[in-house]
Amino acid sequence: MSLVLPPSIADVEQVKSVRTPAHLDYSYTPGKAMSSFLRGLEQKKIIGQKCPQCGKVYVPPRGACPTDGVPTVEEVELPHTGTITTFCVVNVSFYGQGMEIPYVSALVLLDGSDIPLMHLMQEVPYDQVRSGMRVEAVWVPDDELKPTLESIKWFRPNGEPDMDSASMRGNA
Amino acid sequence: MRDVAIVSFAQSKHVRAQTDSNEVEMLMPVVREALDNVGIGMDRVGFTCSGSTDYLSGQAFSFVMTLDSVGPWPPISESHVEMDGAWALYEAWVKLQIGEIDVALIYAYSKSSPGNVREVLTRQLDPYFVAPLWPDTIAMAGLQTRALLDSGTATPADLAAVAATARRNALANPYALLTGDASVEDLLAQPMLADPMHVWDCPPITDGCAAVVIAADDVARELSKNPAWIRGIDHRIESQALGLRDLTTSVSTATAGSKAGVSAGGFDFAELHAPFTAQELIARNSLGLDASVPINPSGGALSANPVMAAGLIRLGEAASRISRGEGNRAIATATSGPCLQQNLVCVLEGSA
Amino acid sequence: MVIEYPFSRTTGPVIGAFLTGLREGVVIGIKGSDGRVLMPPMEYDPVTSESLTEMVEVGQAGEVTTWTWTDGQRYQPIEGRGFAWALIKLDGTDTPMLHAVDVTSPDQMSTGMRVKIRWRAEREGHIRDIECFEPVGSGDKEQPEGES
């Protein structure tokens, strides 16, 4: 069943696609928990929240325990050291990327917390990063601290011996 | 068919902008209240379904984040509709009809404040012919309002009466955002926002949420002394092509109403989801409701319009009123899309 | 926070033909199962669901079937001022389409008035190739273009 076109457009090249870009602006509300976390970063602190029911500590905090569905009000200041639970060597570039490839994206389980935080690994050759590696946060200079996770530039090895994988089970 | 009833309803105190809390923080106490009302925990909920749209929050999969508010561990059976929560309730109702579960939790929420809701909703329009022009929600409602006025079936005073009644009714609703005691004359005297629309023809921009628990047969009777039984529920959608529709009537509302059993009549009130004044008149006419049936005793969407939750709230408000004994039989509707394109109609009845 | 989508949508032959028409400065509709002319064109009949195949050129002026004023939004035919949105039934069609009308106040709009297309100078095959509609002036003795 072919289309019958009127003479005025029958012999010209047909449009096959159309550009319809969309742009929307938002003013995002992080909420109480996230605001506290972001303000903490501005003061060179990493703030998590503890669940009153199961006792787990979440960072970044979201105001709720995802397993119990209750508010997590108690704030916990966390050390700046942790353990890599898993990581990825990124070889694919994308529009707007700031890092030189290859670079390493890692999940870091901060000491005292129960879910890992995603960040970058630097100051170590990418092929030497491993699960269990002990790491520490590297911050921007004090006068550049802002309420953003970018106040932590990246994590780097801190020289401590690796954690064994058995003790990290349940958190990766 | 199983007898399914709404046994619990909770909603937030709706506000213009919830700047302190994110969606999870806003939703958690409301979900908890809905469950506490019937003394159950998530262990008794067989299915959870939510209604919301990522475009309002500007985040992909934002609805997944809000599952934190129900504590989905051990893993739960859940679903989501990128629509008003009333359709999430419909999905949950179907699930109960299949017979595998007896209790479902439905919730819906939105924060319209982060973005420009008038513009955000243009993304639901025809992507080739309409959306690239970005005609906002008020403009779309304006086209329908003028068509209604032109047809002679409504006057500006009729529209003002809808707004005046909504605000006055909302005075008794502690959750409503916009309340007041203006007269039709007061409202007509106000300047136009965008001819033919006045500010009062339009809903207030609202952040808010709601949660409902439905249950079947004896479980409903166990959980509630006076459940609001869903006697009929149906939804229909019209073409998205505006030019194909008669904007002065709502064929989909009439059809859904007919399938839901509206013709049996005997309604003590109706909660009609109509964010714009003209839409309330059109919906009411399409359902054949005469002046003897009070519309929107809660104040309706003109008093609080958390987009994606306002339809679920109509069902919840109607059910609560029945459960409290303030009426025995009601219609509740939800609408979606521009100019009443898609409509859900539900007939609710108590045991009286 | 900005959400931005560059979207480039494939059109298929029917919508493609309509947009081709706009690029060429003509308006193309499609005949439905019952012979009425649908604008903008649809691939399937809205009542019978039949595949539709007969596309026809329609007029470039028509009648406003409903309208609303707007103070100025994302799409503005003339930057910095309000305009009207309208459903416009072009001559030779049976269903109206939505577009903007360049008027400077709501007083200049009325249901039933005649408007005609103002074409954009550079066209690419997009609904905005129609920059907007403008009133066919009461003092304007020119016949409306297109078939009646």
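Remember, predicted model here, so these are calculated numbers, not experimental data.

Considering the sheet that holds strand 3 (residues 46-50) of chain A
All names here are of chain A.
- Taken in spatial order, the 3 strands of this open sheet run 4-3-5, and their pairing is antiparallel. With partners counted over all chains shown, the strands left at the sheet margins are strand 4 (57-58) and strand 5 (74-78), one partner each.
- Pairing of strand 3 with strand 5 involves 5 bridges; the strand directions are antiparallel. Bridge pairing links Ile46 to Leu78 in strand 5.
- Lying on the sheet, helix 2 (residues 31-42) is in contact with strand 3 and strand 5; it crosses strand 3 at an angle near 150°.

A short note on the interface of chain C and chain A
- Facing 30 residues of chain C, the contacting portion of chain A comprises 23 residues.
- For the side of chain C that touches chain A, the secondary-structure elements that each account for two or more residues are strand 1 (2-5), strand 2 (8-10), helix 1 (12-24) and strand 5 (55-58) of chain C.
- Along the lines of polarity and charge, the residues of the side of chain C that touches chain A split into 14 nonpolar, 10 polar and 6 charged.
- Here 4 bridges tie strand 2 (residues 22-25) of chain A to strand 1 of chain C, and the two strands are oriented antiparallel to one another. By the bridge assignment, His23(A) is partnered in strand 1 of chain C with Glu4(C).

Here's the deal with the interface of chain C and chain B
- Across the boundary between the two partners, chain C contributes 31 residues, which contact 27 residues of chain B.
- Secondary-structure elements contributing two or more residues to the side of chain C that touches chain B are strand 6 (61-70), strand 7 (83-90) and strand 8 (97-101) of chain C.
- Examining the composition of the side of chain C that touches chain B, we find that 5 residues originate from one element, strand 6 of chain C, more than from any other.
- When the residues that make up the side of chain C that touches chain B are grouped by side-chain class, the tally is 18 nonpolar, 9 polar and 4 charged.

Observations regarding the sheet that holds strand 5 of chain C
Residue and element names in this part refer to chain C.
- Judged by pairing direction, the sheet is antiparallel, and its 3 strands sit side by side in the order 4-3-5 without closing on themselves. Taken across any chain shown, the strands that pair with only one partner, and hence form the sheet edges, are strand 4 (37-38) and strand 5.
- By the bridge criterion, 2 bridges tie strand 3 (residues 27-31) to strand 4 in an arrangement that is antiparallel. Note that in strand 4 the partner of Ile30 across the bridge is Leu38.
- Together, strand 3 and strand 5 form the strand contacts of helix 1, whose direction differs from that of strand 3 by roughly 150°.

Notes on unusual backbone geometry
Residue and element names in this part refer to chain B.
- The residue after Trp73, namely Pro74, is reached through a cis peptide bond having omega 0°.
- Among the secondary structure elements, Pro74 is positioned in the loop between helix 3 (62-65) and strand 3 (78-81).
- Along the chain, Asp195 connects to Pro196 via a cis peptide bond; the corresponding omega equals 10°.
- Note on placement: Pro196 falls in the loop between helix 8 (184-189) and strand 5 (207-216).
- Of note in the backbone geometry, Trp134 takes a positive phi value of approximately 55° without being a glycine.

Points about the nonpolar core
- In terms of nonpolar packing, the biggest core is built from 172 residues, with Ile106(B), Val212(B) and Ile214(B) touching the most fellow members.
- Membership of the second largest hydrophobic core comes to 23 residues, among which are Ile84(A), Val129(A), Met133(A) and Val135(A).

Let's talk about the environment of Asn169(B)
Residues and elements named next belong to chain B.
- With respect to the helices and strands, Asn169 occurs in helix 7 (residues 156-170).
- Here Asn169 falls in the buried class, since 20 other C-beta atoms lie within 10 Å of it.
- Put simply, Asn169 and Asp126 are 43 residues apart on the chain and 36 Å apart in space, counted from C-alpha to C-alpha.
- Those residues within four positions of Asn169 in sequence are excluded, and the remaining contacts are Asn296, Pro297, Ser298 and Gly299.

Considering the domain arrangement of chain B
All names here are of chain B.
- Segmenting chain B into domains produces domain 1 (4-117 + 205-223) and domain 2 (125-200 + 228-347).
- Each of domain 1 and domain 2 was reduced to a C-alpha centroid, and the two centroids are 22 Å apart.
- Contact with domain 1, which involves 33 residues of that partner, is made by 25 residues of domain 2.
- Every element with two or more residues in the side of domain 1 that touches domain 2 is listed here: strand 1 (4-11), helix 4 (85-98), strand 4 (103-111) and strand 5.
- Its residues assigned to classes, the side of domain 1 that touches domain 2 shows 19 nonpolar, 10 polar and 4 charged.

Considerations on helix 4 of chain B
- Taking 1.5 Å per residue as the helical rise, helix 4 of chain B with its 14 residues ought to reach 20 Å, and the 20 Å between its terminal C-alpha atoms agrees with that figure.
- Phi for Gly99(B), located one or two positions after helix 4 of chain B, is positive at around 100°.

Rules and cut-offs
Residues numbered from 1 in each chain as written. Chains lettered and ligands numbered in written order. Predicted model: local features only at pLDDT ≥ 70, side-chain atom pairs only at ≥ 80, totals over all residues. Pairing = 2+ DSSP bridges. Helix = DSSP H or I, 4+ residues; strand = E, 2+ residues; numbered from the N terminus. Contact = placed C-beta atoms within 7 Å. Axes fitted to C-alpha atoms, helices over the stretch in contact; angles between N-to-C directions. Nonpolar A, V, L, I, M, F, W, Y, C, P; charged D, E, K, R; others polar. Core = buried A, V, L, I, M, F, W, Y, C linked by C-beta atoms within 7 Å. Buried ≥ 20, exposed ≤ 12 C-beta atoms within 10 Å, placed from the backbone. Domains from an automatic or database assignment. Expected span 1.5 Å × (residues − 1).

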